[in-house]
Amino acid sequence: AIDIRQEFDVDAREIDERLRPQSLDDVIGQSQVVERVRVMLYATRKRNDTLGHILFDGPPGIGKTTLATVIPKELGVDLQIAAGPALDAPKDLLPYLTNAGHGSVLFIDEIHRLRPAVEEFLYPAMEDFRIDIALGEGLNARTINMQLKPFTIIGATTRAGMLTAPMRDRFVYREHLDFYEPDDLIEIVRRNAVKLKTKVTDQAAAEVARRSQGTPRKANNILLRTRDFATLKDPNGEITTEIAAHAMKMLEIDSLGLERQDRRYLKIIMDVFQGGPAGLRAIAHSLSIPADTLEDDIEPFLLRTGLIQRTPRGRIVTQRGYEHLGVTPGPGLRS
Ligand code: ADP
């Protein structure tokens, strides 16, 4: 199976680092979340307290890591970064916890993928800034307690629903990040073009924004590819509407912002499963893409745009989905 997410990540991570906002003022859109974060930060500073644990959930590339990196900067405290799936056992978490300075932030990405043993080890750390370390085995087994400095965990997840209840309950603040409004994405494209020292016309910026599935990471990605194309084709290296249109064609990004893999997903349900309902695993198998990747990276936008529906029996391509691909539904379509 090809994990498109991994392939994409190598590229994406580098771009993310270059274009990531450095302060809360730099964060565009999500105004209600940002406003609430400002209040948290203000109250924490005023009380000279440690910030309560925060959970951010939302689709990939939507700004969870961005907020998690901006918050410690605003507070002037250290940040450590860990990835949920990379923590195999409690001992892998130990260095992060013992290194966590007073008031510092530990960011755990994909926190819904923590193993149960790691998660349980984290509970007392989150609640009482204490860990219980098991030593020895059998009759000689004992537990020692270790006191930690008060610190903050910021968790990020693409699946709030997959978090266990006890884990979820330990977060004082829970914030959901949703897809961006077109104007916010345009602003992100404009600002990042400046950071990349690239000129982009207003119309072209709007075009890039419109095709980026409401997702800043995708907007950045398209901007970078389009900029390459402009360097090649435009004497001033400027991203014009024409250049943007050519680049979209080359990148196979359609009018709604769907990429090749999104269309393949729709096609498989139409062709192999007569429009559905089709189970997630069956679709994943037909596409040779992990089910997780489908659920995290591909389905959220298709659901939001109403191209597919989720039913208890599986996924269905809607009338709109058929229309978008210019296909006439067979007799099997039920929606
Ligand atoms: P996530 O952690 O949700 O997968 P990131 O925080 O890594 O997403 O966001 C990916 C990239 O998108 C960032 O590096 C940044 O350039 C851009 N980005 C995300 N959210 C915003 C925002 N609110 N304002 C400006 N840029 C953003």
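Residues numbered from 1 in each chain as written. Predicted model: local features only at pLDDT ≥ 70, side-chain atom pairs only at ≥ 80, totals over all residues. Heavy atoms only, no water.

J.: Give me the lowdown on the site of the ligand, citing residues and values where you can.
T.: Contacts to the ligand come from 19 residues, most closely from Ile28, Gly61, Lys64, Thr65 and Thr66. In the environment of the ligand, an oxygen atom lies 2.9 Å from a nitrogen or oxygen atom belonging to the side chain of Asn220. Surface burial for the ligand is 96%, taken as the share of its 560 Å² of free accessible area covered by protein chains. Broken down by secondary-structure element, the contributors of at least two residues to the shell around the ligand are α1 (4–19), α3 (64–75) and α9 (216–233). For the shell around the ligand, the residue count by class is 10 nonpolar, 5 polar and 4 charged. (Near = heavy atom within 4 Å. Polar contact = N/O pair within 3.5 Å; in protein donor to acceptor, adjacent residues only side chain to side chain. Areas by Shrake-Rupley, 256 points an atom, 1.4 Å probe, with all protein chains shown as cover. Helix = DSSP H or I, 4+ residues; strand = E, 2+ residues; numbered from the N terminus. Nonpolar A, V, L, I, M, F, W, Y, C, P; charged D, E, K, R; others polar.)

J.: Give me the lowdown on helix α10 (residues 241–251), citing residues and values where you can.
T.: Among all positions of α10, only Ile243, Ala244, Ala247 and Met248 are buried. The arc that holds every buried residue of α10, seen down its axis, measures 135 degrees, which confines them to one face. Facing away from the buried side of α10 by over 90 degrees, the exposed positions are Glu242 and Lys249. Once α10 finishes, Glu252 follows within two positions and takes phi at roughly 60 degrees, a positive value. (Buried < 20%, exposed > 50% of the residue type's maximum accessible area, 1.4 Å probe, protein only. Arc of directions from axis to C-beta.)

J.: Please set out the environment of Arg264 residue by residue, giving values where relevant.
T.: With respect to the element layout, Arg264 can be found in helix α11 (residues 260–272). For the pair Arg264 and Asp132, spaced 132 residues apart in the sequence, the C-alpha separation amounts to 49 Å.

J.: Lay out the pairing of strand β2 (residues 79–83) in plain terms, naming residues and giving numbers.
T.: Of the two faces of β2, the one holding Gln80 and Ala82 is buried and the one holding Leu79, Ile81 and Ala83 is not buried anywhere. Alignment of β2 against strand β3 (residues 105–109), held across 5 bridges, turns out to be parallel. Opposite Leu79, over in β3, you have Val105 as the bridge partner. Read from β2 through helix α4 (residues 90–99) to β3, the crossover connection turns out right-handed. (Pairing = 2+ DSSP bridges. Right-handed = clockwise from strand over helix to strand, strands pointing away.)

J.: Break down the nonpolar core for me, citing the residues and quoting the values.
T.: Ile71, Tyr265, Leu266, Ile283 and Leu294 are the most contacted members of the largest nonpolar core, which totals 72 residues. The next biggest cluster of nonpolar side chains, apart from the first, holds 24 residues, and it includes Leu122, Tyr123, Met126 and Phe171. (Core = buried A, V, L, I, M, F, W, Y, C linked by side-chain atoms within 4.5 Å.)

J.: So, the side chain of Lys64: which residues are in play, and what are the values?
T.: Following the sequence through the fold, Lys64 ends up in helix α3. One buried charged side chain, Lys64, makes no salt bridge at all; its nearest oppositely charged neighbour is Asp109, positioned 6.1 Å away. Here Pro59 takes part through its backbone oxygen, which lies 2.8 Å from a polar atom of the side chain of Lys64. Once residues within four sequence positions are removed from consideration, Lys64 is found in contact with Phe56, Asp57, Gly58, Pro59, Ala156, Thr157, Thr158 and Leu177. (Lys, Arg positive; Asp, Glu negative; His and termini not counted. Salt bridge = Lys/Arg side-chain N within 4 Å of Asp/Glu carboxyl O. Contact = heavy atoms within 4.5 Å.)

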